[in-house]
Amino acid sequence: MKYSVYSPTEIYSGAGCVLSFGKFSEYGKKCAVITGKNMYKKNSVLSDTLKALENENISCLTIAEAENNPSVKSVFDFSNRVKEFGAEFIIGIGGGSSMDTAKAVAIVAANDYLTEDTVFSVPSDAETLPVILIGTTAGTGSEVMPSAVLTIPGDIPIKKSVKTKKSYAKVALCDFTYTSSMPDNITVSTALDSVCHAIEAIYSKRGGEWSDIYGHAALKKVIPALFDFVENKGKIESIREDLYFGSILAGLAINDGGTSFPHSMGYMITTMHDTAHGFACAVFIGQFLERVSKISDVSETLRACGMSSVDEFKNKIDLLISKYYTRPELTSEQAKKYAELAMKMNVNNNYLELTQENCEDIYLEMSRGACK
Ligand SMILES: [Zn+2]
């Protein structure tokens, strides 16, 4: 058995872990807090963080302007403000977009020579400012990954990753109570994102035993909690705790294995049909497991999901999605165009060797689900 894993983020979890952390000052006396514009209203995460910084006499610049799909321009704008303030470290608070913004700003602020054109080819050993991440959703796994996904605008906006070996967060503070402000549909979408991360990493070319172990552990946490949430069963606190823990486990799985066609094909559904990331990927996950099952043994994955067949998995996930989201009906021209673009992305980080025609079929089958 071979494995080689780098996963340096220190993780603290549990209710109150931001206020009790007590080690922010190890990273400096001046900090920039980056978060979304609605975070003031959502819950106590921002006030808890500012109070924890004050308790350690850390002066703070708050930038509550992180965008939903962060643009390169916003990252450079924030980075200039961070440098002007003299921040020694950065705290990112929110979902994947805010956390990714914080990671990207930390890279740009530490490397003056980077421009909006060269940022995507930053050397892999480039320094970054230290980053601490505090999640408020449970799905992205961004807390334990080095990459920051940025958007380049255009007719079809393009997403690209910025990362270095040093852009992992130093610390992730995972307090599930901050995820309770998510509306039901976002709770379900982000949990489905975790399910996709876990399954895509298990059946990836890049990953090994490591992503299998973390991926299956994630499914055992997320799948029962997700169905309990939808069926209104069980204690909501333990459901939210399991969903958050599962998202971190799934993040550790993709950190090793990477994502595959549900993510690359889902990208076009997100951008062209204004769909939440988790739903956009999850509409393909049944087909993914089905195709993989024709060439690999998926019984361990089904057991981890508490299901006895691929058909059961597909039907239950599709039914769950349909309660919250209506999938788009695609024309054959759209399927063709999206397939062409998907082929340029990470579509084949799996054992399937998909062709463009296969991708077209997958888009059309997903779309037929919309007409059921
Ligand atoms: Zn994802």
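Reading the values: rules and limits
Residues numbered from 1 in each chain as written. Predicted model: local features only at pLDDT ≥ 70, side-chain atom pairs only at ≥ 80, totals over all residues. Heavy atoms only, no water. Donors = N, O, S within 2.8 Å, 3.2 Å for Na, K, Ca; no water. Tetrahedral: all angles 85-135°; square planar, octahedral: opposite > 155°, others 65-115°. Axes fitted to C-alpha atoms, helices over the stretch in contact; angles between N-to-C directions. Helix = DSSP H or I, 4+ residues; strand = E, 2+ residues; numbered from the N terminus. Parallel < 35°, antiparallel > 145°, perpendicular 65-115°, else oblique. Contact = heavy atoms within 4.5 Å. Nonpolar A, V, L, I, M, F, W, Y, C, P; charged D, E, K, R; others polar. Salt bridge = Lys/Arg side-chain N within 4 Å of Asp/Glu carboxyl O. Buried < 20%, exposed > 50% of the residue type's maximum accessible area, 1.4 Å probe, protein only. Polar contact = N/O pair within 3.5 Å; in protein donor to acceptor, adjacent residues only side chain to side chain. Domains from an automatic or database assignment. Buried area = accessible area lost by both parts, 1.4 Å probe. Phe/Tyr/Trp six-rings, centres within 6.5 Å; stacked < 30°, edge-to-face > 60°. Core = buried A, V, L, I, M, F, W, Y, C linked by side-chain atoms within 4.5 Å. Pairing = 2+ DSSP bridges. Right-handed = clockwise from strand over helix to strand, strands pointing away.

### Quick word on the coordination of the zinc ion
So, point 1. Looking at the zinc ion, the protein donor atoms are Asp 193 (OD), His 197 (NE2), His 263 (NE2) and His 277 (NE2), and they sit 2.1 to 2.2 Å from it.
So, point 2. Taken together, the four donor atoms surrounding the zinc ion define angles of 83 to 170° at the centre, an arrangement classified as irregular.

### Considering the packing of helix α6 (residues 184-202) against helix α9 (residues 261-272)
So, point 1. At a minimum axis distance of 9 Å, the contact between α6 and α9 shows a crossing angle of 135°. Taken together, the axis directions place α6 and α9 in an arrangement best described as oblique. Of the residues in α9, those touching α6 at Asp 193, Cys 196, His 197 and Glu 200 are Phe 261, Pro 262 and His 263.
So, point 2. Of the residues in the contact of α6 with α9, the class split is three nonpolar, two polar and two charged.

### Some words on the pattern of salt bridges
So, point 1. Inspection of the entire model under this criterion finds 13 salt bridges.
So, point 2. A salt bridge links Lys 166 to Glu 127; the shortest N-O distance between them is 2.7 Å. Of the two residues, Lys 166 is situated in the loop between β7 (158-162) and β8 (171-174) and Glu 127 in the loop between α5 (96-109) and β5 (131-135); the sequence distance between them amounts to 39 residues.
So, point 3. Classification of Lys 166 as partly exposed rests on a relative accessible area of 35%.
So, point 4. Put simply, Glu 65, Asp 77 and Arg 81 are held in one network by salt bridges that share partners.

### So, the environment of Val 105
So, point 1. Examined against the element boundaries, Val 105 turns out to sit in helix α5.
So, point 2. The spatial distance from the C-alpha of Val 105 to the C-alpha of Ala 339 is 33 Å, given a sequence separation of 234 residues.
So, point 3. In this structure Val 105 touches Ile 34, Val 75, Phe 78, Ser 79, Val 82 and Ile 90, once residues within four positions along its chain are discounted.

### Considering the side chain of Ser 204
So, point 1. By the secondary structure assignment, Ser 204 is in the loop between α6 and α7 (209-230).
So, point 2. Here the side chain of Ser 204 touches Ala 201 through a polar contact of 3.0 Å, landing on its backbone oxygen.
So, point 3. From its side chain, Ser 204 meets the backbone oxygen of Gly 257 in a polar contact 3.1 Å long.
So, point 4. The residues touching Ser 204, leaving out its near neighbours within four places in the chain, are Gly 257, Gly 258, Asn 349, Asn 350 and Tyr 351.

### Some points on the domain arrangement of the protein
So, point 1. Under the domain assignment, the protein is made up of domain 1 (10-178) and domain 2 (184-371).
So, point 2. Once you take the C-alpha centre of each, domain 1 and domain 2 turn out to be 26 Å apart.
So, point 3. With 21 residues of domain 1 in contact, the opposing surface of domain 2 contributes 21 residues.
So, point 4. Note on domain 1 versus domain 2: buried area summed over both sides is about 1,700 Å², and carbon and sulfur give 70% of it.
So, point 5. Interface area lost by domain 1 to domain 2 is led by Ala 138, Ile 156 and Phe 176, which between them contribute 38%.
So, point 6. Along the contact surface separating domain 1 from domain 2 lie zero salt bridges.
So, point 7. Inspection of the region where domain 1 meets domain 2 yields seven residue pairs in polar contact (both at pLDDT 80 or more).
So, point 8. Every element with two or more residues in the side of domain 1 that touches domain 2 is listed here: β7 and β8.
So, point 9. Counted by class, the side of domain 1 that touches domain 2 contains 12 nonpolar, five polar and four charged residues.

### Comments concerning the packing of aromatic side chains
Aromatic ring pairs are defined here through the distance separating the ring centres and the angle between the ring planes.
So, point 1. Counted by the stated rule, this structure contains nine aromatic pairs.
So, point 2. Measuring from ring centre to ring centre gives 5.3 Å for Tyr 12 and Phe 21, while their planes differ by 70°; the resulting arrangement is edge-to-face.
So, point 3. With a centroid separation of 5.2 Å and 75° between ring planes, the pair formed by Phe 261 and Phe 288 is classed as edge-to-face. Taken as a pair, Phe 261 in helix α9 and Phe 288 in helix α11 (residues 285-293) lie far apart in primary sequence, 27 residues in all.

### Observations regarding the nonpolar core
So, point 1. With 68 residues, the main nonpolar core has Phe 313 and Tyr 363 as its most contacted residues.
So, point 2. Looking at which element gives the most residues to this core, the answer is α7, with nine residues.
So, point 3. Built from parts of two domains, this core gets at least three residues from each of domain 1 (10-178) and domain 2 (184-371).
So, point 4. Sequence-distant contacts of Phe 313, that is, excluding residues within four places in its chain, are made with Val 195, Ile 199, Ile 285, Gly 286, Leu 289, Leu 302, Cys 305 and Met 307.

### Digging into the sheet that holds strand β4 (residues 89-94)
So, point 1. A sheet is described by the order of its strands in space; here six strands give the open sequence β1-β8-β5-β4-β2-β3, paired in parallel fashion. Of all the strands in the sheet, the pair left with one neighbour each is β1 (10-13) and β3 (59-66). The mean angle between the axes of side-by-side strands here comes to 15°, regardless of whether they run parallel or antiparallel.
So, point 2. Note: strand β2 (residues 30-36) against β3, six bridges, orientation parallel. For Lys 30, the partnering residue across the bridge sits in β3 and is Ser 59.

### Side note on the environment of Cys 60
So, point 1. Tracing the backbone shows Cys 60 in strand β3.
So, point 2. The spatial distance from the C-alpha of Cys 60 to the C-alpha of Ile 91 is 10.0 Å, given a sequence separation of 31 residues.
So, point 3. Those residues within four positions of Cys 60 in sequence are excluded, and the remaining contacts are Cys 31, Val 33, Leu 50, Leu 53 and Phe 85.

### Remarks on the pairing of β4
So, point 1. Across the six residues that make up β4, a large majority, six, are buried.
So, point 2. The two faces of β4 match: Phe 89, Ile 91 and Ile 93 on one face and Ile 90, Gly 92 and Gly 94 on the other face are all buried.
So, point 3. Here β2 pairs with β4 via five bridges, running parallel. Residue pairing in the sheet places Thr 35 in a bridge with Ile 93 of β4.
So, point 4. Pairing of β4 with β5, which is carried by five bridges, proceeds in the parallel orientation. Within the sheet, the bridge partner assigned to Ile 91 lies in β5 and is Ile 132.
So, point 5. On the question of chirality, the crossover connecting β4 to the parallel β5 by way of α5 is right-handed.

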